[in-house]
Amino acid sequence: MSNASPQSSIVERLKHPGAVIHRPNSDPVPFSVEFMPPRDAAAEARLWRAVRIFERMRPAFVSMTYGAGGSTRERTARITGQLARETTLLPVAHLTAVSHSVSELRAMVGAYADEGITNILALRGDPPGDPLGEWIKHPDGVEYAEELVRMVRDLGDFHVGVASFPEGHHRAPDLDHDTRHLVGKLRAGAEYSITQMFLDVDDYLRLRDRVSAMDPEQGRKPLIPGIMPITSLKSLRRMVELSGASIPPAVEARLTAAAGDGPEEDREAVRAVGIDLATELSERLIAEGAPSLHFCCLNFARATSEVLTRLGLDVLTPVGG
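Residues numbered from 1 in each chain as written. Predicted model: local features only at pLDDT ≥ 70, side-chain atom pairs only at ≥ 80, totals over all residues. Heavy atoms only, no water.

A. Region of the structure containing the pattern of salt bridges. Overall, the coordinates contain 18 salt bridges when judged by the stated rule. Salt-bridge contacts for E115 lead to R85; the nearest nitrogen and oxygen are separated by 2.6 Å. Remark: R85 occurs in helix α3 (residues 73-86) and E115 occurs in the loop between α4 (102-114) and β5 (119-123); sequence separation between them is 30 residues. With a relative accessible area of 29%, E115 lands in the partly exposed category. R85 gets classed as partly exposed once you look at its relative accessible area, which sits at 47%. Notably, a salt bridge pairs E280 with R254, separated by 3.0 Å at the nearest N-O pair. Here E280, found in helix α11 (residues 267-287), pairs with R254, found in helix α10 (residues 249-259); they are 26 residues apart in sequence, far enough to count as distant. On the basis of relative accessible area, E280 is assigned to the partly exposed category, the value being 37%. Taking relative accessible area as the criterion, R254 reaches 34% and is therefore assigned partly exposed. Residues joined in a network through salt bridges with shared partners are R85, E86 and E115. (Salt bridge = Lys/Arg side-chain N within 4 Å of Asp/Glu carboxyl O. Helix = DSSP H or I, 4+ residues; strand = E, 2+ residues; numbered from the N terminus. Buried < 20%, exposed > 50% of the residue type's maximum accessible area, 1.4 Å probe, protein only.)

B. View of the sheet that holds strand β3 (residues 62-64). The strand order β2-β3-β4-β5-β6-β7-β8-β9 describes a closed barrel built from eight strands, whose pairing is parallel. Taken pair by pair, the neighbouring strands of this sheet meet at an average axis angle of 30°, ignoring direction. Bridge count for strand β4 (residues 91-96) against β5 is four bridges, and the pairing is parallel. Within β5, the residue paired with A93 across the bridge is I120. (Pairing = 2+ DSSP bridges. Axes fitted to C-alpha atoms, helices over the stretch in contact; angles between N-to-C directions.)

C. Structural detail: the pairing of β5. Counting buried residues along β5, five of its five residues qualify, which places the element largely inside the surrounding structure. Residue alternation in β5 divides its side chains into two sets, N119, L121 and L123 and I120 and A122, and both sets are buried. After leaving β4, the chain enters α4 and then returns to the sheet as β5, a path that is right-handed. Strand direction decides the pairing type here: β5 and strand β6 (residues 159-164), joined by four bridges, are parallel. Across the sheet, residue L121 finds its bridge partner in β6, namely G161. (Right-handed = clockwise from strand over helix to strand, strands pointing away.)

D. Representation of unusual backbone geometry. Phi is positive for N25, which is not a glycine, with a value near 65°. Topologically, N25 is positioned in the loop between β1 (19-21) and β2 (31-35). Of note in this structure, L298 is not a glycine but carries a positive phi near 55°.

E. Looking closely at the environment of L121. Mapped onto the elements, L121 comes out in strand β5. Once you skip the residues sitting within four places of it in the chain, L121 turns out to touch V92, A93, H94, L95, G161, V162, Y192 and I194. (Contact = heavy atoms within 4.5 Å.)

F. Highlighting α11. With 21 residues, α11 should cover 30 Å at 1.5 Å per step; its first-to-last C-alpha distance of 30 Å lies within 8% of that length. Buried within α11 we find V270, R271, V273, G274, I275, L277, A278, T279, L281, S282, L285 and I286. Phi turns positive, to about 90°, at G289, one or two residues after α11. (Expected span 1.5 Å × (residues − 1).)

G. Local environment of the confidence of the model for the chain. Mean pLDDT over the chain works out to 89, with 89% of the residues at or above the 70 mark. Confidence over residues 317-321 falls short of pLDDT 50; this stretch has eight contacts with residues more than four positions distant or in other chains. (pLDDT = per-residue confidence, 0-100.)

H. Just the nonpolar core, in detail. Of all hydrophobic cores here, the largest spans 66 residues; its most connected members are F31, F35, F54, L285 and L293. Counting residues per element, this core draws most heavily on helix α2 (residues 41-57), at six residues. (Core = buried A, V, L, I, M, F, W, Y, C linked by side-chain atoms within 4.5 Å.)

I. Region of the structure containing the pairing of β6. Across the six residues that make up β6, a large majority, six, are buried. Side-chain alternation along β6 places H159, G161 and A163 on one buried face and V160, V162 and S164 on a second face that is also buried. Note that β6 and strand β7 (residues 192-197) share four bridges and pair parallel. By the bridge assignment for β7, V162 is matched with S193.

J. Just α4, in detail. The terminal C-alpha atoms of α4 lie 18 Å apart, and with 13 residues this matches the ideal 18 Å at 1.5 Å per residue to within 8%. Those residues of α4 not exposed but buried are L105, M108, V109, G110, Y112 and A113. G116 occupies a position one or two residues after α4 and carries a positive phi of about 80°.

K. Quick look at the environment of R153. Relative to the elements of secondary structure, R153 occurs in helix α5 (residues 145-154). Spatially, the C-alpha atoms of R153 and G189 are 7.1 Å apart, while their sequence positions differ by 36 residues. Not counting residues within four places of it along the chain, the set of residues in contact with R153 comprises F158, V160, G189 and E191. Among the polar contacts made by the side chain of R153, one reaches the main-chain carbonyl oxygen of G189 at a distance of 2.5 Å. (Polar contact = N/O pair within 3.5 Å; in protein donor to acceptor, adjacent residues only side chain to side chain.)

What follows is the structure, encoded as structure tokens:
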């Protein structure tokens, strides 16, 4: 694989970030951002505008998602490589097992390594077409993310993270089963986990408690909460439908009132409430000791930037400093 110098691990970067959020009576907290592979040239231009804005804000790291069934595999690898080469950001590359053989997965890890990327988020992934549909293992692939974690770790000096699910994964029969799978991934060598987006802090806290109760050692690893500033109620409903998550009744009521009764939702009013909700969620997570905040920005910078400004983001050093 590559002779490039290995990246800092995410765990180390969380200890020494470029910027932190300051809240009264709480320790400083870093943040990170999640990008998605763009579908066309216009979307790619928008992505890079967001990248340059966030670069000035010094996130601890950024991640690049991976399309269902590997549908954006080449684009994901190309743009993640550009992030590593052309920016001061620390990229984490997503890797999913769905529709890939072990040899293809190894090749993908090798492609990342050739770009000097050694931070990988190992995910089983969702089936193409219907994320809630039946998950079918590739005949020459792996069945579970735990196997993917072990494979990546065996390939070299890689730092691996995994996904976690505050409400439980929609395929898990119960929360205990879901927690055992998360603990298994952590025991396999994952150094941290990033949660699916959620809207109830208590779900995050209960997950943290379940992991710590099942395995105190693994419970000490960072459980990074995933947050998405809401800018459209229609889009939010579609996202939770596809993910198996839920919208708390109080949150639904606030957003529905903002959306109004017209044929089209009042996007500006929904967006304003969404910024309030993301700020409130973040404030409580910080107060409860979350190790970092991970924002799904949908390749736009404005909403997340507004939340971070409200929270009191403090850039510690200038870009390049």
